[in-house]
2 protein chains.
Amino acid sequence: MIKKKQKKRKKQISFNKTHWQAGTMLYPLPAVLISCGTEPSKYNIITISWAGTVCTDPAMLSISVRPERHSYEIIKKNKEFVVNLPSRSMAKAVDYCGVRSGRNVNKWDVCKLKAIESQHIKTPQIESCPVSIECKVKQIIPLGSHDCFIAEVVGVSVFSDLINSKGRLQLEKAELISYIHGAYFAPGKLLGTFGYSVKKN
Amino acid sequence: MIKKKQKKRKKQISFNKTHWQAGTMLYPLPAVLISCGTEPSKYNIITISWAGTVCTDPAMLSISVRPERHSYEIIKKNKEFVVNLPSRSMAKAVDYCGVRSGRNVNKWDVCKLKAIESQHIKTPQIESCPVSIECKVKQIIPLGSHDCFIAEVVGVSVFSDLINSKGRLQLEKAELISYIHGAYFAPGKLLGTFGYSVKKN
């Protein structure tokens, strides 16, 4: 069945790639919960998919936020935030924190998320997220609808049970969520590991 | 079985989140094939996972590239590139184009990829990728090991058979590849669509 489908597609696309409207079409993207605020009354969470790694050494990532979002001023003022990677069981909270504003609701309470202390910054991390990445903002680049916050990673916390007996982090077991064109997905089948295409048998 | 596993994890993590080394830990990320070069003798492909959307309006994305990579000078000189989203059947080519250099091999030939004309820029796109995003570089930000190229999306092409009879782009059918901590994955189960957490039944 799958083979048949692929065959059909192959025939069509060779001569049939359609022009689509220019827009944000880079996927899959991470669906992450950004925690922000350095004092309890200001703690907030915002879901972001406009996020990515931008440098290996030093480790840096970027998140893009609309200036009208409640979290925008909090992050801009404190120059720090935490990127919390949620697992598939948290998909509903991920969606909720993206469509509701911290001006009107306390997302920690509604989503039953617990703030725990970070190691290197004042912003708390989300306890139930398997990975939390503590970040300090280095640059803010206004681009249009969004400002891009480029930040350095200053600390990482992971679920202890993701680390195997050899000390390897098994991130594939965290069942992280990706965002593809308006929908959330769990990871599927492993296709290969880095370098597998040139490995000798 | 899955329930049992989750229960076990829940018990452990409440009090047991481990400090890990600071590093690039934001996942899942897209695994994409960047095509570059404006004349056939210079055409090259490089696999990038340090890529993300940075602005909705105008539509902008970023890719980060090490200055020592063969594609770096090509992109810097031409100020344009195409982000091609590969489907799972192309995983081996995705890996290969990330570990081999265009200085030594012609990746188009080795991976049997065909360059076809783009709409708005001189850089060709990869025919067999279900989505190709034409980009013009707006800013180059040196960060350390990588320079971040911030670019505006000027055109998008998609496989015609991903567009259904109502004109909706069914990107979930493209079976795009994500990169998680050293491995490539196909998309898995749909968890929900944007806004589903607040929809009335």
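Computed from a prediction, not measured in an experiment: that's the story for all the values here. (Residues numbered from 1 in each chain as written. Chains lettered and ligands numbered in written order. Predicted model: local features only at pLDDT ≥ 70, side-chain atom pairs only at ≥ 80, totals over all residues.)

Visitor: Quick question: what am I supposed to make of the nonpolar core here?
Guide: The nonpolar side chains of a soluble globular protein tend to be buried with one another. With 118 residues, the main nonpolar core has Ile34 and Leu61 of chain A together with Ile34 of chain B as its most contacted residues. In contact with leucine 61 of chain A, other than residues within four places in its own chain, are Ala51, Gly52, Thr53, Val54, Val83, Cys135, Ala151 and Val153 of chain A together with Leu26 of chain B. (Core = buried A, V, L, I, M, F, W, Y, C linked by C-beta atoms within 7 Å. Buried ≥ 20, exposed ≤ 12 C-beta atoms within 10 Å, placed from the backbone. Contact = placed C-beta atoms within 7 Å.)

Visitor: Just checking my understanding: could you explain the environment of glutamine 125 of chain B for this structure?
Guide: Residues and elements named next belong to chain B. On the secondary structure map, glutamine 125 appears in strand β9 (residues 125–126). Under the C-beta neighbour-count criterion, glutamine 125 is labelled buried, with 24 such atoms within 10 Å. For the pair glutamine 125 and leucine 33, spaced 92 residues apart in the sequence, the C-alpha separation amounts to 9.5 Å. In this structure glutamine 125 touches Ser35, Val82, Asn84, Ile116, Ser118, Ser132 and Ser157, once residues within four positions along its chain are discounted. (Helix = DSSP H or I, 4+ residues; strand = E, 2+ residues; numbered from the N terminus.)

Visitor: Could you clarify how one ought to interpret the relation of the copies chain A and chain B in this entry?
Guide: One copy of the chain maps onto the second through a rotation about an axis and a displacement along it. Screw-axis analysis of chain A against chain B gives a translation of 0.0 Å along the axis, an RMSD of 0.0 Å, and a rotation angle of 180 degrees. Such a turn and shift between the copies fits a two-fold axis. Relative to the rotation axis, the C-alpha of glycine 188 of chain A is the closest in chain A, positioned 1.8 Å from it. A shared interface surface links the copies, since 100% of the contact residues of chain A are contact residues in chain B too. (Least-squares fit on C-alpha atoms with pLDDT ≥ 70 in both.)

Visitor: Please explain the sheet that holds strand β12 (residues 178–179) of chain A as it appears in this structure.
Guide: Consider a sheet: its strands pair through backbone hydrogen bonds, and that pairing is either parallel or antiparallel. Read from one edge to the other, the open sheet built from six strands follows the order β2(A)-β12(A)-β13(A)-β13(B)-β12(B)-β2(B), with strand pairing classed as antiparallel. What marks the edges here is a single partner per strand, and that holds for β2 (29–30) of chain A together with β2 (29–30) of chain B. Note that β2 of chain B and strand β12 (residues 178–180) of chain B share two bridges and pair antiparallel. Within β12 of chain B, the position partnered with proline 30 of chain B by the bridge is serine 178 of chain B. Packing of helix α3 (residues 91–99) of chain A onto the sheet brings it into contact with β13 (183–193) of chain A together with β13 (183–193) of chain B, and relative to β13 of chain B it is tilted by some 70 degrees. (Pairing = 2+ DSSP bridges. Axes fitted to C-alpha atoms, helices over the stretch in contact; angles between N-to-C directions.)

Visitor: Could you clarify how one ought to interpret the interface of chain A and chain B in this entry?
Guide: In many analyses, interface size is given as the accessible surface area lost on bringing the parts together. On the chain B side, the residues contacting the 88 residues of chain A number 88 residues. Among the elements that take part in the side of chain A that touches chain B, β13 of chain A stands out by supplying 11 residues, more than any other. Residue classes in the side of chain A that touches chain B are distributed as 47 nonpolar, 30 polar and 11 charged. Where strand β1 (residues 17–20) of chain A lies against strand β11 (residues 147–159) of chain B, four bridges are found, and the strand directions are antiparallel. Bridge pairing in β11 of chain B links threonine 18 of chain A to valine 158 of chain B. (Nonpolar A, V, L, I, M, F, W, Y, C, P; charged D, E, K, R; others polar.)

Visitor: Whenever I open this one, the environment of valine 110 of chain B confuses me. Can you help?
Guide: Tracing the backbone through its elements, the reader meets valine 110 of chain B in helix α4 (residues 107–110). The contact partners of valine 110 of chain B, leaving out residues within four places of it in the chain, are Tyr96 and Val105 of chain B.

Visitor: What exactly am I supposed to notice about the confidence of the model for chain A here?
Guide: Detailed reading of the predicted coordinates is not advisable wherever pLDDT is low. Across chain A, the average pLDDT comes to 92, with 92% of residues at or above 70. Scored below 50 in pLDDT, residues 1–14 of chain A makes seven contacts in the model with residues more than four places away or belonging to other chains. (pLDDT = per-residue confidence, 0-100.)

Visitor: Sorry, what's going on with unusual backbone geometry here?
Guide: Trans peptide bonds make up the majority, and among non-glycine residues the majority have a negative phi. Backbone torsion omega between tyrosine 27 of chain B and proline 28 of chain B reads -5 degrees, so that peptide bond is classified as cis. With respect to the helices, strands and loops of the structure, proline 28 of chain B is situated in the loop between β1 (17–20) and β2. Residues aspartate 57 of chain B and proline 58 of chain B are joined by a peptide bond in cis, for which omega reads 0 degrees. When you line up the elements, proline 58 of chain B lands in the loop between β5 (51–55) and β6 (60–65). Of note, the phi angle at lysine 112 of chain A is positive, near 55 degrees, even though the residue is not glycine. Note on lysine 112 of chain A: 8 C-beta atoms within 10 Å, which makes it exposed.

Visitor: Looking at this model, I keep getting lost on the pairing of strand β3 (residues 32–36) of chain B. Mind explaining?
Guide: Successive residues of a regular strand alternate their side chains across the two faces of the sheet. Residues and elements named next belong to chain B. Counted residue by residue, β3 has five buried out of five residues, so it is predominantly covered. In β3, alternate side chains face the same way, and those of Val32, Ile34 and Cys36 on one face and Leu33 and Ser35 on the other are all buried. Where β3 lies against strand β4 (residues 44–48), five bridges are found, and the strand directions are antiparallel. For valine 32, the partnering residue across the bridge sits in β4 and is isoleucine 48. Where β3 lies against strand β7 (residues 80–85), three bridges are found, and the strand directions are antiparallel.

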